[in-house]
Amino acid sequence: MKEYRLVYLNSGVHMSMQKDLFEAEDLLNQYISDGWTLQEMVVMNSTSALVAVMYREKEA
C-alpha cells in the first residue's frame, strides 16, 4: 500500500524564484533521504506556491 503526502516546498515568499527553488530542492532531498519518492510537483500560479506529491510504500 502506498502512503501519500503533500509537501509545501516554499514556506516563505522570496523576491527571487531561484531562492524558492533552492529551498524546494533542499526540502525534497530531505524527504527523499527519508524514503519518499517524488510523484509530481505543482506550481500554483495564483500564489506561486510549490507543492510536491510524495509517496512511499507503507509496510502492512
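Cut-offs applied
- Residues numbered from 1 in each chain as written.
- Predicted model: local features only at pLDDT ≥ 70, side-chain atom pairs only at ≥ 80, totals over all residues.
- Heavy atoms only, no water.
- Core = buried A, V, L, I, M, F, W, Y, C linked by side-chain atoms within 4.5 Å.
- Buried < 20%, exposed > 50% of the residue type's maximum accessible area, 1.4 Å probe, protein only.
- Helix = DSSP H or I, 4+ residues; strand = E, 2+ residues; numbered from the N terminus.
- Contact = heavy atoms within 4.5 Å.
- Patch = residues over 30% accessible without salt bridge, like charges linked within 9 Å, V, L, I, M, F, W, Y side chains within 5 Å.
- Areas by Shrake-Rupley, 256 points an atom, 1.4 Å probe, with all protein chains shown as cover.
- Salt bridge = Lys/Arg side-chain N within 4 Å of Asp/Glu carboxyl O.
- Phe/Tyr/Trp six-rings, centres within 6.5 Å; stacked < 30°, edge-to-face > 60°.
- Lys NZ or Arg CZ within 6 Å of the ring centre and 35° of its normal.

Draft legend 1. Inspection of the nonpolar core at higher detail. Counting nine residues, the largest nonpolar core is built from Val7, Leu9, Ala24, Leu28, Tyr31, Trp36, Leu50, Ala52 and Met54. Contributions of two or more residues to this core are made by α1 (17-33) and β3 (49-57). Discounting residues that sit within four places of it in the chain, Leu50 has contacts with Val7, Tyr8, Leu9, Asn10, Asp20, Leu21, Ala24, Val42 and Val43.

Draft legend 2. Expanded view of a nonpolar patch on the surface. Taken together, the side chains of Met17, Leu21 and Val43 define a hydrophobic patch exposed on the protein surface, amounting to about 260 Å² of accessible area. Among the secondary structure elements, Met17 is positioned in helix α1.

Draft legend 3. Just the packing of aromatic side chains, in detail. According to the stated counting rule, one finds two aromatic pairs in the structure shown. Ring centres 6.1 Å apart and planes at 40° place the aromatic pair Tyr4 and Tyr55 in the tilted group. Residue Tyr4 is located in strand β1 (residues 2-8), and its partner Tyr55 is located in strand β3; the two are separated by 51 residues in the primary sequence. The partly exposed category is assigned to Tyr4, whose relative accessible area is 47%. Arranged with centres 6.4 Å apart and planes meeting at 70°, the rings of Tyr31 and Trp36 form a pair that is edge-to-face. Comparing Tyr31 with Trp36 shows no difference in burial state: the two are buried. Sitting over the face of the ring of Tyr55, Lys2 holds its NZ or CZ atom 4.4 Å from the ring centroid.

So yeah, pure geometry; function would need other evidence.
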